[in-house]
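One-letter residues, chain by chain:
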Amino acid sequence: MIMDFEQDLISDLPQSIIETILIKLPIRDAVRTSILSSRWRYKWATLTQLAFDDNCVSLCNDRAIVENNLSNFITRCLFLHDGPIHKFSLSTSYLQFSYDIDQWLLFLSRKDIKELVLELGEGEWFRAPSFLFSCKNLTHLELVRCELDPPPCFKGFFRLKYLNLQQVLIPPDDIECLIASCPLLESLTLSYFDSLELTVSAPNLKYLILEGEFKDISLVNTPLLVFISVAMYMTDDIADDIAEHFEQSSSYNFNKFLGGVPQLEKLIGHIYFTKYLSIGNHEGCIPITYHQLKFIELYQVSFDDMKEVLVVLQLIVNSPNLQELQISGSFNSSAATQQAPGLDFWEKRCFIDCTMGRLKTIKMTDVSGVPHEMKLIKFLLEHSPSLETMSIAPSSYLTEGRLNMLIDLVSFRRASTRASIIFIHEQI
C-alpha cells in the first residue's frame, strides 16, 4: 500500500537544530532551501550567522558583473533577513571600496552584531564608516585591508575579546587607545604595520600576534599573556643597520617586552626578535621566572652577537618547566671562521648549577657551527637530564666543517642517558 504522504522528519526538527544545519551550509545553498516547500521558504532568513564569499555567485571573466551580482546577492539576503545577526563575515577579492558595504554595516549596527569579519581584496582600500564604532556588542572584530579612524566620541568596545587587524591604516595613537579601550580583550593580532612604536595595555590579554616593521614594542599591564608570536620585518636598507632601526632607550628591551608576562606558556620569535630583545642596558636587570613556559621557538638567532646569545640563555635558564626548544641560526660565513670573544662566559659559576629538568625535545636548524652556537648545544646536552631527542640541521650555506661539527656533537657529554642526537645531513 502506497502512503499518500511521507513524514517530513527534517522539517519537524526544532528550529535551533535546523539553524545549526543551515549554518554549516554555504550561504548560497542555505538560501536555496527556500524552494523546498512553503515551510522552508523563510527558515534561512532567521539565521544569526551569515558568511559571504566569492562563491556566493557564479564567477566569470567580467569582474564588473561578478561584483554587481555579489553586491546584489548580499543586499537581498540582508533585506529579507528577519531577526538579529550575531555574526557577519565577508571574504572577497571582488569588493573593495563600495557604497553597499557602508549600507551593510549600518544595517548590521542595528542588528545586535557580535562578530564581524571583513576581508577585502586588493585595490582601493575600504574606509570603515563611523557607525562601525557604534556596534557596542562586538566581541570579535577582524578587518583586513581597510582604513580606520575612530571618531572623537568613541569610548571603546567594552565587550570585545578578539581583535585582528591586518593591513589596516590607523593613526598610531589611535591603535593604542583602541586596544586600551577594550577591557575584556583576550586575543590581539596586528599584521603588516609599518614603523610602529606600540605600547600594549590589556589586563585580560592572553594571545598576542605581532607582525610588521615595529620600531618599539612595550607590554604594559599584560599579566595573563600565555601565547606570544612576533615577527619584526624591515626593508633591506634598514636591515643593514638593525640597531639604528629600533628605538634606542636606556631600558632593556627584554624586560620591556617580557618582564611582565609571568604566565607565558608559548613563545615564538621570528626574524629580528632576539636582536630587538638584546638592545638596551641589561646591567642590574632582575629576570623573572617563567614557570608556565613550555615551548620556545626562535628564528634567525645571530650567534656571533653575544647579546643575542644572552637573550636565548636568559629565556632558557629562567624557564624551569620548558619542554620543547626550537632555534634556527642566522648564517654568517665570516663569523664561522673567527674565534669568538667571551667564550669563557660559558664556564662561569652562574650556569653550572642550572638544570632544565623537563626539557625533552630540542631542534636546532640552520646551524653554522660558530663557537657560541656549539657552546649552547654543549650546554643544553649537559644540563637536560630528561632530554629525549636533539636534532641538528646544518645550514645549507655551510659547505665545509660538517664532519667536524658531527665529531664535536658526538663527543659532548649528555646528562640524559636516553638522549639521542639526530644529525640531518642533506646533500649539498
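Predicted, not measured: the structure shown is a model, and the values here were computed from it.

## Section: the overall build of the protein chain
(1) Moving on: Check the secondary structure of the protein chain and you find 13 helices and 15 strands.
(2) Moving on: Accessible surface for the protein chain amounts to roughly 21,300 Å². Of this, 52% is attributable to carbon and sulfur atoms.

## Concerning the nonpolar core
(1) Moving on: Core analysis: the largest hydrophobic core is formed by 117 residues, its most contacted members being Phe88, Leu258 and Leu376.
(2) Moving on: The residues touching leucine 376, leaving out its near neighbours within four places in the chain, are Phe303, Val312, Leu313, Ile316, Ile327, Trp346 and Met364.

## Some remarks on the packing of helix 10 (residues 306-317) against helix 12 (residues 371-382)
In a packed pair of helices, the relevant descriptors are the angle between the two axes and the axis-to-axis distance.
(1) Moving on: For the pair helix 10 and helix 12, the least separation of the axes is 11 Å and the interaxial angle reads 15 degrees. Between helix 10 and helix 12, the angle is such that the two are roughly parallel. Considering the relative orientation of helix 10 and helix 12, their crossing is right-handed. Residues Met306, Val309, Val312, Leu313, Ile316 and Val317 of helix 10 touch helix 12, and the partners they reach there are His372, Leu376, Phe379 and Leu380.

## Overview of the pattern of salt bridges
Proximity of charged atoms lets side chains of opposite charge pair with each other.
(1) Moving on: As enumerated under the stated definition, the model contains seven salt bridges in all.
(2) Moving on: A salt bridge links glutamate 147 to arginine 127, with the nearest nitrogen and oxygen atoms 3.3 Å apart. On the criterion of sequence distance, the pair formed by glutamate 147 in strand 5 (residues 140-147) and arginine 127 in strand 4 (residues 126-127) is long-range, its members being 20 residues apart.
(3) Moving on: The network of salt bridges with shared partners includes Arg127, Glu147 and Asp149.

## Quick look at the packing of aromatic side chains
(1) Moving on: Applying the stated criterion to the full structure yields seven aromatic pairs.
(2) Moving on: Here the aromatic rings of phenylalanine 133 and phenylalanine 157 are separated by 6.1 Å at their centres, their planes lie at 15 degrees, and the arrangement is stacked. Here the residue phenylalanine 133 occupies a position in the loop between strand 4 and strand 5, and phenylalanine 157 occupies one in the loop between strand 5 and strand 6 (162-169), the gap between them amounting to 24 residues. Here the two residues phenylalanine 133 and phenylalanine 157 agree in accessibility, since each one is buried.
(3) Moving on: Stacked on the ring of phenylalanine 295, the Lys or Arg lysine 266 has its end atom at 4.7 Å from the ring centre.

## Details of the packing of helix 3 (residues 63-80) against helix 4 (residues 99-109)
(1) Moving on: One can describe the packing of helix 3 onto helix 4 by two numbers: an axis separation of 11 Å at closest approach and a directional angle of 20 degrees. With respect to each other, helix 3 and helix 4 are oriented roughly parallel. Once helix 3 is placed against helix 4, the crossing between them reads as left-handed. On the side of helix 3, the interface is formed by Ser71, Ile74, Thr75 and Leu78, while helix 4 contributes Asp100, Trp104 and Phe107.
(2) Moving on: Tallied by class, residues from the contact of helix 3 with helix 4 come to four nonpolar, two polar and one charged.

## Looking at the pairing of strand 14 (residues 389-394)
(1) Moving on: Of all six residues in strand 14, five are buried; the element is thus mostly enclosed.
(2) Moving on: By the bridge criterion, six bridges tie strand 13 (residues 361-367) to strand 14 in an arrangement that is parallel. Residue pairing across strands places threonine 361 opposite threonine 389, the latter belonging to strand 14.
(3) Moving on: Taking the sense of rotation as the criterion, the β-α-β connection linking strand 13, helix 12 and strand 14 turns out right-handed.
(4) Moving on: The pairing of strand 14 with strand 15 (residues 420-423) spans four bridges and is parallel. For serine 391, the partnering residue across the bridge sits in strand 15 and is isoleucine 422.

## Comments concerning the side chain of serine 416
(1) Moving on: Its location among the elements puts serine 416 in the loop between helix 13 (402-411) and strand 15.
(2) Moving on: One polar contact links the side chain of serine 416 to the main-chain carbonyl oxygen of proline 385, over a distance of 3.4 Å.
(3) Moving on: Within polar-contact distance, the side chain of serine 416 engages the backbone nitrogen of alanine 419 at 3.3 Å.
(4) Moving on: Here serine 416 is in contact with Ser384, Pro385, Ser386 and Leu387, once residues within four sequence places are set aside.

## Looking at a positive patch on the surface
(1) Moving on: A surface patch of like charges, here positive, comprises Lys294, Arg358, Lys360 and Arg418.
(2) Moving on: As for its position among the elements, arginine 418 is in the loop between helix 13 and strand 15.
(3) Moving on: For arginine 418, a relative accessible area of 54% corresponds to the exposed category.

## Comments concerning the confidence of the model for the protein chain
(1) Moving on: Averaged over all residues, the pLDDT of the protein chain equals 85, while 83% of them reach at least 70.
(2) Moving on: Across the protein chain, strand 10 (residues 266-269) holds the top mean pLDDT of 98, while helix 6 (residues 236-239) sits lowest at 52.
(3) Moving on: Long-range and interchain partners of residues 1-5, a stretch whose pLDDT sits below 50, account for zero contacts in this model, where long-range means more than four residues apart.

## Let's talk about the side chain of serine 391
(1) Moving on: Structurally, serine 391 is set in strand 14.
(2) Moving on: Since its relative accessible area comes to 12%, serine 391 is described here as buried.
(3) Moving on: What serine 391 contacts, discounting residues up to four positions off in sequence, is Ile362, Lys363, Met364, Ile422 and Ile424.

## Considering the pairing of strand 13
(1) Moving on: Of the strand pairs in this sheet, strand 12 (residues 324-329) and strand 13 are connected by five bridges, and their pairing is parallel. Residue pairing in the sheet places isoleucine 327 in a bridge with methionine 364 of strand 13.

## Observations regarding helix 4
(1) Moving on: For helix 4, every residue scored as buried is listed here: Ile101, Trp104, Leu105 and Leu108. For helix 4, the angular spread of the buried residues around the axis is 95 degrees, confining them to a single face.
(2) Moving on: Elements in contact with the buried residues of helix 4: helix 3, strand 2 (87-91), strand 3 (115-119) and strand 4.

## A few points about a nonpolar patch on the surface
(1) Moving on: Taken together, the side chains of Leu403, Leu406, Ile407 and Val410 present a nonpolar region at the surface, about 380 Å² in accessible area.
(2) Moving on: Take leucine 403: it is sitting in helix 13.

## Quick notes on unusual backbone geometry
(1) Moving on: You will see that glutamine 300, though not glycine, has its phi angle at about 50 degrees, which is positive.
(2) Moving on: As for its placement among the helices and strands, glutamine 300 is situated in strand 11 (residues 295-301).
(3) Moving on: A positive phi angle is found at aspartate 366, which is not glycine, with a value near 55 degrees.
(4) Moving on: Examined against the element boundaries, aspartate 366 turns out to sit in strand 13.

Reading guide: rules and limits
- Residues numbered from 1 in each chain as written.
- Predicted model: local features only at pLDDT ≥ 70, side-chain atom pairs only at ≥ 80, totals over all residues.
- Heavy atoms only, no water.
- Helix = DSSP H or I, 4+ residues; strand = E, 2+ residues; numbered from the N terminus.
- Areas by Shrake-Rupley, 256 points an atom, 1.4 Å probe, with all protein chains shown as cover.
- Core = buried A, V, L, I, M, F, W, Y, C linked by side-chain atoms within 4.5 Å.
- Buried < 20%, exposed > 50% of the residue type's maximum accessible area, 1.4 Å probe, protein only.
- Contact = heavy atoms within 4.5 Å.
- Axes fitted to C-alpha atoms, helices over the stretch in contact; angles between N-to-C directions.
- Parallel < 35°, antiparallel > 145°, perpendicular 65-115°, else oblique.
- Left-handed = near helix turned anticlockwise from the far one by under 90°.
- Salt bridge = Lys/Arg side-chain N within 4 Å of Asp/Glu carboxyl O.
- Phe/Tyr/Trp six-rings, centres within 6.5 Å; stacked < 30°, edge-to-face > 60°.
- Lys NZ or Arg CZ within 6 Å of the ring centre and 35° of its normal.
- Nonpolar A, V, L, I, M, F, W, Y, C, P; charged D, E, K, R; others polar.
- Pairing = 2+ DSSP bridges.
- Right-handed = clockwise from strand over helix to strand, strands pointing away.
- Polar contact = N/O pair within 3.5 Å; in protein donor to acceptor, adjacent residues only side chain to side chain.
- Patch = residues over 30% accessible without salt bridge, like charges linked within 9 Å, V, L, I, M, F, W, Y side chains within 5 Å.
- Lys, Arg positive; Asp, Glu negative; His and termini not counted.
- Charge placed at Lys NZ, Arg CZ, Asp CG, Glu CD.
- pLDDT = per-residue confidence, 0-100.
- Arc of directions from axis to C-beta.

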